[in-house]
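# Survey of secondary and tertiary structure
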Amino acid sequence: MNAKVDLDCRIPNNVGLADDPKVRRALESWQPKYLDWWHEMGPTDFEPNDVWLRTAISVEADGWAHYDYVKMPDYRWGIFLTPREQEAMIHVGDLTGTPVWNEVPGEHRNALRRIIVTQADTEPASVEQQRLLGHSAPSLYDMRNLFQVNVEEGRHLWAMAYLLYKHFGKDGREEAEELLERRSGNPDKPRILGAFNQPCSNWLSFFAFTMFTDRDGKFQLAALRESGFDPLARSCDFMLTEEAFHLFVGETGLARIIQRSAELEKIDPEGDVRRQGGIDMATIQRTINYWFSYCLDLFGGEISNNAATYFAAGLKGRFKEGERYSDHLALEGMYRMPVVENERLTVREVPLRNAMNEVLRDEYIKDCERAVKKWNKLLAELDSTHRLTLPSRRFHRHQGLYADFHFDPAGNLISAAEFEAKRGEWLLGPDDERYLASIMKPVREPGKFANWIAPPSHGLKSQTIEFEYVRNFD
Ligand code: BYC
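Residues numbered from 1 in each chain as written. Predicted model: local features only at pLDDT ≥ 70, side-chain atom pairs only at ≥ 80, totals over all residues. Heavy atoms only, no water.

Time to look at the pattern of salt bridges. When the charged atoms of two side chains with opposite charge come close together, those side chains can pair. In this structure the tally under the stated criterion is 51 salt bridges. Taking the shortest distance from any N to any O, the salt bridge between R275 and E270 comes out at 3.6 Å. The class of R275 is partly exposed, set by a relative accessible area of 47%. When salt bridges with common partners are traced through the structure, they connect E40, D121, E128, E178, R182, R183 and R191 into a single cluster. (Salt bridge = Lys/Arg side-chain N within 4 Å of Asp/Glu carboxyl O. Buried < 20%, exposed > 50% of the residue type's maximum accessible area, 1.4 Å probe, protein only.)

Structural data, given as structure tokens:
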């Protein structure tokens, strides 16, 4: 059932495309449309540059990636599924203990298509959101990381497009085409999920995006890796390998900004970070509040019939379902959830299956809290009195139970007027955007970094910080 890695054909893959002419031809006809999309919506102004990129070339734990200079349009976007050693069993929901599906079961076709299309849609969306950031990159190191993230999101789109072409016939073909037609932030043909239509126009937002939004990706992919639909589970498994680097970019990028801000605060006689050309802690906090709250929405409603159905049918599991849980039916438990009733917060018990979105959101929040703790430790080490926090899960929500109400960052119910009065204090806004745009001038000398961010502790792979990660500028 595992095909060998084929790197010499038009679409590198380990899914046996050479022996599957129908799907191969379909994907080969999608390829030029994908490239047209990349030439229109990718980081187009950097197409002539040589970028020192990682390319996936196999699925072996050691040596799955190759590093070299590549021009982005020549990147070899491939399709790789983690191989199965033996026949796997469904381990989520009502069919636990029966063999996984290698084909889509008719009764789950619509649900699976919807999940795959939603996942797929986020990949090109993020490339679109980030397409102009190369112009204001704080270093060649960071510019290269941005492009690494971009090409790999493109590869994740390929992974999902393959599933659509291989398993969903005519509908799959149409969905794959539409993935290249929707546009982030376009009111007439927006991307599917809210966070993927928000502008990401500066590097503080880019690092918050890779920290918080890519982290939603980590948890959604981890839930889909538990799926009874084996090709989806195996695709997501391999995508997670690449995703780890994107999370590193976000978490360490924010840490480097926080470090530099603490340093600049000490340099300025009045502790005014902006006067020193840096990013003050209040702006960092507003950025965290903004992106974290939009990303909480990506987990869907707190009480969700969709989530219960996906779990029952074995389409989506919990984070590390196989390792962490012994009861894979989840028919018994209840989840205690704060809800608004009669204009006050009260706790309601929800059957566990209906609370699966919330169970996954809990894991996500825990992981984000871990990172914030690390940043605060760094602030303490630098003798800064500032501390960063995550806002309450109820703050600034657009999906689910809390979307119709207003809460302060501590999670207290407040009026719409109170929220509006504080919006500028709590959330990244136009004044911040203007200031951030004013300081984010490109730095392209190898080993040099913009004033508002500290250098990383080391270079990438075997390279130094001074390495020319992107070259061949006009
Ligand atoms: N925005 O039952 P509900 C990544 C809709 S990120 C807009 O509450 P459900 C990446 C929902 O579609 C990971 N609409 O939620 C990161 C439904 O609409 P319909 C992406 C939303 O279905 C960075 C209605 O509200 N992967 O990989 O249980 C860079 C009620 O839905 C939103 C996935 O998302 C929203 N935020 O859960 C690159 C995994 N939330 O059908 C990549 C696949 C909900 O009534 N997706 N709605 O019209 C899923 O599993 C689920 O669709 C969701 C929603 C978790 C998103």
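Attention now goes to the site of the ligand. Near the ligand there are 29 residues, and of these R114, Q119, G301, S304 and K316 occur at the shortest range. The contact in question runs from a nitrogen atom of the ligand to an N or O atom on the backbone of G194, over 3.0 Å. Taking K316, its side chain carries an N or O atom lying 2.5 Å from an oxygen atom of the ligand. Summarising the interface, the protein chains cover 80% of the accessible area of the ligand, which totals 1100 Å² for the free molecule. For the shell around the ligand, the residue count by class is 8 nonpolar, 14 polar and 7 charged. (Near = heavy atom within 4 Å. Polar contact = N/O pair within 3.5 Å; in protein donor to acceptor, adjacent residues only side chain to side chain. Areas by Shrake-Rupley, 256 points an atom, 1.4 Å probe, with all protein chains shown as cover. Nonpolar A, V, L, I, M, F, W, Y, C, P; charged D, E, K, R; others polar.)

Our next topic: the pairing of strand 3 (residues 334-341). In terms of strand pairing, strand 3 meets strand 4 (residues 344-351) through 8 bridges, oriented antiparallel. Following the sheet pairing, M337 is matched in strand 4 by R348. (Pairing = 2+ DSSP bridges. Helix = DSSP H or I, 4+ residues; strand = E, 2+ residues; numbered from the N terminus.)

Strands in a sheet are paired, the pairing made by backbone hydrogen bonds, and the direction either parallel or antiparallel. If you walk across this open sheet you meet the 3 strands as 2-1-7, and the pairing is antiparallel. Sheet topology places strand 2 (65-70) and strand 7 (470-471) at the edges, where each strand pairs with a single neighbour. As paired elements, strand 1 (residues 50-56) and strand 7 share 2 bridges and run antiparallel to each other. Bridge assignment links V51 to a residue of strand 7, and that residue is V470. Strands in contact with helix 3 (residues 140-167) are strand 1, strand 2 and strand 7; relative to strand 1, the strand with the most contacts, it is inclined by about 40 degrees. (Contact = heavy atoms within 4.5 Å. Axes fitted to C-alpha atoms, helices over the stretch in contact; angles between N-to-C directions.)

Scanning all chains against the criterion turns up 36 aromatic pairs. Summarising the aromatic geometry, the rings of W52 and Y67 are spaced 5.1 Å apart at their centres and angled 35 degrees between planes, so their arrangement reads as tilted. Note that W52 is positioned in strand 1 and Y67 in strand 2, a separation of 15 residues in sequence. Given a relative accessible area of 24%, Y67 falls into the partly exposed group. (Phe/Tyr/Trp six-rings, centres within 6.5 Å; stacked < 30°, edge-to-face > 60°.)

The next thing to look at is unusual backbone geometry. Backbone geometry places A330, a non-glycine residue, at a positive phi of 55 degrees. Within the secondary structure, A330 sits in the loop between helix 9 (321-324) and strand 3. With a relative accessible area of 2%, A330 lands in the buried category. Positioned with a positive phi, D383 is a non-glycine residue whose angle comes to about 65 degrees. Inspection of the secondary structure assignment puts D383 in the loop between helix 10 (356-381) and strand 5 (406-407). According to the relative accessible area criterion, D383 is exposed, its value standing at 63%.

The next thing to look at is the packing of helix 1 (residues 21-41) against helix 2 (residues 109-129). For the pair helix 1 and helix 2, the least separation of the axes is 10 Å and the interaxial angle reads 30 degrees. Regarding the angle of helix 1 to helix 2, the classification is roughly parallel. Seen from helix 1, the contacting residues are W37, W38 and M41; seen from helix 2, they are P124, V127 and E128. A breakdown of the residues in the contact of helix 1 with helix 2 according to their chemical character gives 5 nonpolar, no polar and 1 charged. (Parallel < 35°, antiparallel > 145°, perpendicular 65-115°, else oblique.)

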